Amino acid sequence: MQGSGLGLGGSGGSDLALGAQVWLGFGSGGSVPPQPCPLSTLVFPQVHAWEISDQLLQIHQDVESCYFAAQTMKMKIQTSFYELPTDSHASLRDSLLSHIQNLKDLSPVIVTQLALAIADLALQMASWKGCVQTLVEKYSTDVTSLPFLLEILTVLPEEVHSRSLRIGANRRTEIIEDLAYYSSTVVSLLVTCVEKAGNEEKMLIKIFRCLGSWFNLGVLDSTFMANSKLLSLLFEVLQQDKTSSNLHEAASDCVCSALYAIENVETNLPLALQLFQGVLTLESAYHMAVAREDLDKVLNYCRVFTELCETFLDKIVCTPGQGLGDLRTLELLLICAGHPQYEVVEISFNFWYRLGEHLYKTDDAVIHSIFKAYIQRLLHALARHCQLDSDHEGVPEETDDFGEFRMRVSDLVKDLIFLVGSVECFAQLYATLKDGNPPWEVTEAVLFIMASIAKSVDQENNPTLVEVLEGVVRLPESVHTAVRYTSIELVGEMSEVVDRNPQFLDPVLGYLMKGLCDRRLASAAAKAIHNICSVCRDHMAQHFSGLLEIARALDSFALSPEAAVGLLKGTALVLARLPLDKISECLSELCAVQVLALKKLLSQEPSNGLSSDPTVPLDRLAVIFRHTNPIVENGQVHPCQKVIQEIWPVLSETLNKHSADNRIVGRGFGRGGGCWEVVEPRVSVHVCLSVCLSVWLGAGTGGLWAQGTPSSACAASLCPQMVNVYREHQHSCFLYLGSILVDEYGMEEGCRQGLLDMLQALCIPTFQLLEQPSGLQNHPDTVDDLFRLAARFIQRSPVTLLRSQVMIPILQWAIAATTLDHRDANCSVMKFLRDLIHTGLANDHEEDFEVRKELINQVMTQLGQQLVNQLLQTCCFCLPPYTLPDVAEVLWEIMQIDRPTFCRWLESSLKGLPKETTGGAIQVTHKQLTDFHKQVTSAEECKQVCWALRDFTRLFR
């Protein structure tokens, strides 16, 4: 044993290690933690973590302490390699190799952790040349060392593309070239291991895992591997009935990796042919596994067959039935589809999706006709798999595994139905029900498939649709509950048929009302009524009184919260089609139940033990106002205003009472593109307030602070209330509400100062919140809404903001927030920066253009270099690739202001980037820096900046 081989100094070796072990609560009888323990990097500061981990591995008192130390070492190498001085890298390598050799028999998980540590070190340590050759020469002659040698050689290719290692494109290319050079050495080693292993299962599993890892990296020579004994051994193992489950899985994984590696078939033709023929020989083995009811092997075979089809998909579509486009591949998948377990056919779904996409793009009737029969067989198999058990009671479950499988079937059928023809398929499915007398479970499954394709069936002159609708609504109540449930879903999907045949509206509503009164069917019926209301709004207007009665008695039905809200949404959509003079009265009645519920909650004493949660009535009010959108012409009073005035005091009091409860105060602003668009709820904002405010702002009432307008009293109370509550409780919803105000009134001269005062008042507690440790990371919603508000100011009243004292602090926070890896927040920050800079460029013939241009120049003179520095650093080291187009737009706008100055800023920023990694590898060359600078500064379109940025940042990832 080598002692403390890291050369980092320190004393107290074993005592210190044992002390750490006791402090962490490890005991000799404990178990190995199943998940990586992030605590390790927090327990010991920087260099001490390396040394103590090394010492724990040296004394190897028990499995637990060694696992902790090995895991810590791996994590430190992955994330904190920069902490080590360069001259300690070699001693770290030697120490790790010593540890894995000494601990090889202690525990497989420890060997894996140490193997990962060695692999990650090799990838980052540029001075360790030819690491594969070194390892093979050192350990291949010792049979007892082969297991951990194979483990290292397995994880080494896997770690090349690890996200934990930011080794950069240059180093990654160098590594891949190096591994490709030594790949024949590895394959030869594996062949030798096979000869030594004989029939030893554990060694064969390690060999196949290692081979699969090198296949996945794509560095194995196709011709060499086509003639390798390893390939024939793989299929020999898969063909044998006596092969164990673990070995069978390892061999299957390896074949799948090989098939994935040759996706470019033409350049890997020798290996492609061998794999193609090899997989086709497995059909009889599959049938034997089915006969023996060995589901694990059946699943493995299906994975292999599916990967075969995925690999040769282009050949299958372009040259069906010829050569590598042999349609026996599809026959293998359809054989799997016939297996009674639905988990088997589910494996192939991704291939069928891709096949459908390719055929849709091909748009060749002859090609389509070839595949039509295969798709028909698949659909019949899927319909069988969707059948419930004959002894099933109640409605189909949608949230269990089988329910999720049926939803995936529904999606797949929708994607493939164009090949079969939706009209023909729908008619055939209906014929199986009309002409026969199938069991209830077959009926239910057919109705389920029909519901999946109902909307895609051509509505014109299609008597089958009308016949189906008529037959479904006449189903007796005595049929199985699951059949009634699915038939209700089918009716909901056929809402367009109802709209075209209004004579069916009454019987359809009667049928759905029966379902609504059955607690087992109520939610499905509510969803169907919602669909009918959405599509048949004009026809449903005559039934509004009935919808109103349902809404009043909503809580008497056994509805899920989503179904109840859906019913109210449908009711509101119909309400908006009533005559304008009736809407206000009907809306008031529709809201009355929810307002009464809020009043009761407000009157309760906090300590009376009853629930005081107002989220249900608030959500219901929100959906009512969101979807009551009547057509109001200029000069007409918005029919919702009177109702909002009536209920505002209750909303205001609810806000005051629950101001500290973020769950209630924030129930979900949408992030729509329009100024009042509210879409899917987000868990941190109160959508009801936003919708009410949107109605006031969109009703043509004039300035919010203008006296005498119908909404002035509500608005006058909201704004100070909003700021006051925000000072106490920083719910980001109020920043978003502020952005709505700015969006509507920012262009009115008399409102600008008031809006600026509001912004400044909101910024004070916001900045205090973000100044806390990890404030940006912990409050991405606040960042999102703050810069949404700031962007609205730039769009509506740029000069007001640019001249204010809060401008520079907001921009400084925007620069800081560019590092935030949060999709919505980062998008809002970049949009603010882009719009801010663009306002100095957009010569829109407005009088203040020269003022804007001058103010933007002043801002950029002060912070331009800092902004460019930060954007470049954040692209290289912080943000995921999908954010780069937004960053490119900001850089493009900066360049448009003053290209020569931007060239100097960018050059300065590039000089500040690291040229080498801590492991001594070249991070970026001088030529790459100058090429990137030239590409960006000479770009004539923003997309050219984006392309340059994508290529350049790969050097640091």
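Trainee: How would you sum up the overall build of the protein chain? Please name residues and give values.
Mentor: When you go through the protein chain residue by residue, the secondary structure sums to 51 helices and zero strands. Taken across its 957 residues, the protein chain has 55% of its residues classed as buried. A total of about 41000 Å² of accessible surface is found on the protein chain, and carbon and sulfur atoms cover 50% of it.

Trainee: Please provide a residue-by-residue account of the nonpolar core, values included.
Mentor: By size, the foremost hydrophobic cluster in this structure holds 231 residues, and its most contacted members are Val132, Ile207, Phe208, Trp352, Met450 and Leu559. Here the element with the most residues in this core is helix 6 (residues 108-124); it accounts for eleven residues. When near neighbours in sequence (up to four residues on either side) are disregarded, Ile207 contacts Leu150, Leu190, Cys193, Val194 and Leu230. Of all hydrophobic cores here, the second largest spans 89 residues; its members include Leu655, Phe734, Val742 and Ala814.

Trainee: Give me the lowdown on the state of the cysteines, citing residues and values where you can.
Mentor: Within the structure shown, the criterion is met by zero disulfides. Free of any disulfide, Cys193 has its nearest cysteine sulfur in Cys210, 8.3 Å distant. Judged by its relative accessible area of 2%, Cys193 falls in the buried class.

Trainee: Mind laying out helix 5 (residues 89-102), listing which residues take part and the relevant values?
Mentor: Between its first and last C-alpha, helix 5 extends 20 Å over 14 residues, near the 20 Å set by a 1.5 Å rise per residue. Across the 14 residues that make up helix 5, a large majority, ten, are buried.

Trainee: Give a detailed account of a negative patch on the surface, specifying residues and quantitative values.
Mentor: Where like charges cluster on the molecular surface, the negative patch consists of Glu343, Glu397, Glu398, Asp400, Asp401 and Glu404. By the element assignment, Glu343 lies in helix 20 (residues 342-346). Classification of Glu343 by relative accessible area gives partly exposed; the value is 31%.

Trainee: Hey, could you go over the environment of Pro914 for me, with residue numbers and the actual values?
Mentor: Among the secondary structure elements, Pro914 is positioned in the loop between helix 49 (899-911) and helix 50 (926-937). With 42 residues separating them in the primary sequence, Pro914 and Phe956 have C-alpha atoms 9.2 Å apart. Every residue in contact with Pro914, bar those within four places of it in the chain, is listed here: Phe877, Gln923, Val924 and Phe956.

Trainee: Lay out the packing of helix 8 (residues 146-159) against helix 11 (residues 201-217) in plain terms, naming residues and giving numbers.
Mentor: As a packed pair, helix 8 and helix 11 sit with axes 8 Å apart at the nearest point and diverge in direction by 20 degrees. By the angle between their axes, helix 8 is roughly parallel relative to helix 11. The two elements helix 8 and helix 11 meet at a crossing, and its hand is left-handed. Contacts between helix 8 and helix 11 involve Leu146, Pro147, Leu150, Glu151, Leu153, Thr154, Pro157 and Glu158 from the former and Met203, Lys206, Ile207, Arg209, Cys210, Ser213, Trp214 and Leu217 from the latter.

Trainee: Report on unusual backbone geometry, specifying residues and quantitative values.
Mentor: The general pattern is negative phi for most residues beyond glycine and trans for most peptide bonds. The phi dihedral of His60 falls on the positive side, at around 25 degrees, and the residue is not glycine. The residue His60 is located in the loop between helix 3 (47-59) and helix 4 (63-79) in this model.

Trainee: Before we move on, can you summarise the packing of helix 22 (residues 365-385) against helix 23 (residues 401-420) with the specific residues and values?
Mentor: Two elements in contact, helix 22 and helix 23, have axes separated by 10 Å at closest approach and are oriented at 160 degrees. Considered as vectors, helix 22 and helix 23 are oriented roughly antiparallel to each other. Our pair here, helix 22 against helix 23, has a crossing hand that is left-handed. Across the interface between the two elements, His368, Lys372, Ile375, Gln376, Leu378, Leu379, Leu382 and His385 of helix 22 pack against Phe402, Phe405, Val409, Leu412, Val413, Leu416, Ile417, Phe418, Leu419 and Val420 of helix 23.

Trainee: Can you lay out the packing of aromatic side chains for me, pointing to particular residues and giving the numbers?
Mentor: The tally for this structure, following the rule as stated, stands at 16 aromatic pairs. With 4.6 Å between their ring centres and 35 degrees between their planes, Tyr342 and Phe405 make a pair best called tilted. Of this pair, Tyr342 sits in helix 20 while Phe405 sits in helix 23, placing them 63 residues apart in sequence. Overall, Phe405 belongs to the buried group, its relative accessible area being 0%. Where Phe402 meets Phe405, the ring centres are 6.1 Å apart and the plane angle is 20 degrees; that geometry is what we call stacked. Taken together, the residues Phe402 and Phe405, both in helix 23 and three residues apart, mark about one turn of the helix. The burial state of Phe402 is the same as that of Phe405; both residues are buried. A network of ring pairs unites the aromatic residues Tyr342, Phe349, Phe402 and Phe405 as a single cluster. For the cation-ring pair, Arg93 lies above Trp128, with the distance from its terminal atom to the ring centre recorded as 5.3 Å.

Trainee: Can you tell me about the pattern of salt bridges, naming the residues and giving the values?
Mentor: For the structure on display, the rule yields 35 salt bridges. The shortest N-O distance in the salt bridge between Arg292 and Asp241 comes to 2.8 Å. Of this pair, Arg292 sits in the loop between helix 16 (283-291) and helix 17 (295-311) while Asp241 sits in the loop between helix 13 (229-239) and helix 14 (245-261), placing them 51 residues apart in sequence. With its nearest N and O atoms 3.6 Å apart, the salt bridge here joins Asp518 to Arg484.

Trainee: I'd like a description of helix 27 (residues 481-493), backed by residues and values.
Mentor: Its 13 residues give helix 27 an end-to-end C-alpha distance of 19 Å, which sits within 8% of 18 Å, the value for a rise of 1.5 Å per residue. With eleven of 13 residues buried, helix 27 lies mostly within the body of the structure. Among the residues making up helix 27, those that are buried are Thr481, Ala482, Val483, Arg484, Tyr485, Thr486, Ser487, Ile488, Leu490, Val491 and Gly492. At its buried positions, helix 27 is contacted by helix 23, helix 25 (440-453), helix 26 (463-473), helix 28 (495-500), helix 29 (505-516) and helix 30 (522-535).

Trainee: An account of the environment of Leu295 is needed here, citing residue identities and associated values.
Mentor: Here Leu295 is to be found in helix 17. Using a relative accessible area of 31% as the deciding quantity, one classes Leu295 as partly exposed. Sequence spacing of Leu295 and Glu343 is 48 residues, and the spatial spacing of their C-alpha atoms is 9.5 Å. Among all residues touching Leu295, those that are not within four sequence positions of it are His339, Gln341 and Val344.

Trainee: How would you sum up the confidence of the model for the protein chain? Please name residues and give values.
Mentor: The predicted model of the protein chain averages 86 in pLDDT, with 87% of residues at 70 or higher. The low-confidence segment residues 1-45, where pLDDT is below 50, has 83 contacts with residues more than four positions distant or belonging to other chains. Counting contacts from residues 664-687, a segment whose pLDDT is below 50, to residues more than four positions away or on other chains yields 82 contacts.

About the criteria used
Residues numbered from 1 in each chain as written. Predicted model: local features only at pLDDT ≥ 70, side-chain atom pairs only at ≥ 80, totals over all residues. Heavy atoms only, no water. Helix = DSSP H or I, 4+ residues; strand = E, 2+ residues; numbered from the N terminus. Buried < 20%, exposed > 50% of the residue type's maximum accessible area, 1.4 Å probe, protein only. Areas by Shrake-Rupley, 256 points an atom, 1.4 Å probe, with all protein chains shown as cover. Core = buried A, V, L, I, M, F, W, Y, C linked by side-chain atoms within 4.5 Å. Contact = heavy atoms within 4.5 Å. Disulfide = S-S within 2.5 Å. Expected span 1.5 Å × (residues − 1). Patch = residues over 30% accessible without salt bridge, like charges linked within 9 Å, V, L, I, M, F, W, Y side chains within 5 Å. Salt bridge = Lys/Arg side-chain N within 4 Å of Asp/Glu carboxyl O. Lys, Arg positive; Asp, Glu negative; His and termini not counted. Charge placed at Lys NZ, Arg CZ, Asp CG, Glu CD. Axes fitted to C-alpha atoms, helices over the stretch in contact; angles between N-to-C directions. Parallel < 35°, antiparallel > 145°, perpendicular 65-115°, else oblique. Left-handed = near helix turned anticlockwise from the far one by under 90°. Phe/Tyr/Trp six-rings, centres within 6.5 Å; stacked < 30°, edge-to-face > 60°. Lys NZ or Arg CZ within 6 Å of the ring centre and 35° of its normal. pLDDT = per-residue confidence, 0-100.

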